[in-house]
Amino acid sequence: MAAAAKLDNPGGIGGLESLRGLAEIEATRPADLMKHYPKDQGVIDSDYVYQPPLIPHSIRHYEVSLNANKCLACHSWKNAKEMGATKISVTHYVSPQQGQVLSDVSPSRYFCLQCHVPQADAKPLVENDFKRVSALR
Ligand code: HEC
Ligand code: HEC
């Protein structure tokens, strides 16, 4: 693949294919297809200890902002039981700096999607031979 691209444009990406594909930097390439989120699957098991569990449901239109946190409407300790959702774990109440247990969700855990992502039917971007830790096999 690379040789031709290299000759055509010795600057640019130098014929190297990245996660963005073989597109030159200045080229506007078509957006990737939207990922498919299979419905009705259970929570996929963790691959390592302390992995943030994947989100087994759609999160479309769930606002997480300064003003509102839709996730907590179901997952907070206050609402989880009524909503039939898993409670956020105790670690989400611990302040990472002082290790104190707070009376409400730690600000460091407020933006849920920093760590939790929906379960997409997606190929790994980079081939790898990662294996689940033995304790979880
Ligand atoms: C309308 C209620 C509701 C909202 C809103 C909601 N969830 Fe959930 N969530 C659930 C329920 C119920 C489950 C239990 C699994 C199931 O049946 O889908 C769940 C499961 C999960 C799990 C898997 C927990 C486990 O058992 O390992 C994660 C992680 C999660 N949700 C994260 C989120 C995040 C992040 C948001 C916000 C973007 C969110 N949820 C918004 C109801 C909700
Ligand atoms: C800094 C990363 C991080 C953020 C931010 C975060 N979580 Fe988590 N979450 C984790 C990790 C790691 C675990 C698994 C270990 C644990 O329980 O602490 C987890 C566990 C969970 C679980 C499963 C609890 C159980 O008992 O199995 C739920 C539900 C959850 N998080 C929901 C949320 C919601 C909702 C938010 C936003 C309000 C959020 N998390 C924010 C990292 C995070």
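Residues numbered from 1 in each chain as written. Chains lettered and ligands numbered in written order. Predicted model: local features only at pLDDT ≥ 70, side-chain atom pairs only at ≥ 80, totals over all residues. Heavy atoms only, no water.

Novice: Quick question: what am I supposed to make of the UniProt feature "binding site: heme c 2" (unreviewed entry) in the protein here?
Specialist: The feature "binding site: heme c 2" (unreviewed entry), as annotated in UniProt, sits at His92, Cys112, Cys115 and His116 in this numbering. Sequence-wise these annotated residues cover 25 residues; spatially they are packed, their C-alpha atoms never more than 12.7 Å apart. Note that cysteine 112 resides in the segment after α3 (80–83). Sequence-distant contacts of cysteine 112, that is, excluding residues within four places in its chain, are made with Asn69 and Cys71. Of note, histidine 116 is situated in the segment after α3. With sequence-adjacent residues up to four places away left out, histidine 116 is seen in contact with Pro52, Pro53, Ile55 and His92. Looking at histidine 116, its side chain comes within polar contact range of the main-chain oxygen of proline 53, at 2.8 Å. (UniProt positions renumbered as here; feature names shortened; annotations may be inferred. Helix = DSSP H or I, 4+ residues; strand = E, 2+ residues; numbered from the N terminus. Contact = heavy atoms within 4.5 Å. Polar contact = N/O pair within 3.5 Å; in protein donor to acceptor, adjacent residues only side chain to side chain.)

Novice: I keep staring at the coordination of the iron atom of ligand 2 and nothing clicks. Help me out?
Specialist: Only His92 (NE2) and His116 (NE2) from the protein reach the iron atom of ligand 2 as donors, at distances of 2.0 Å. Angles of 88 to 178° at the metal separate the six donor atoms of the iron atom of ligand 2, which places the site in the octahedral class. With histidine 92 in the segment after α3 and histidine 116 in the segment after α3, this residue pair connects regions lying 24 residues apart in the sequence. (Donors = N, O, S within 2.8 Å, 3.2 Å for Na, K, Ca; no water. Tetrahedral: all angles 85-135°; square planar, octahedral: opposite > 155°, others 65-115°.)

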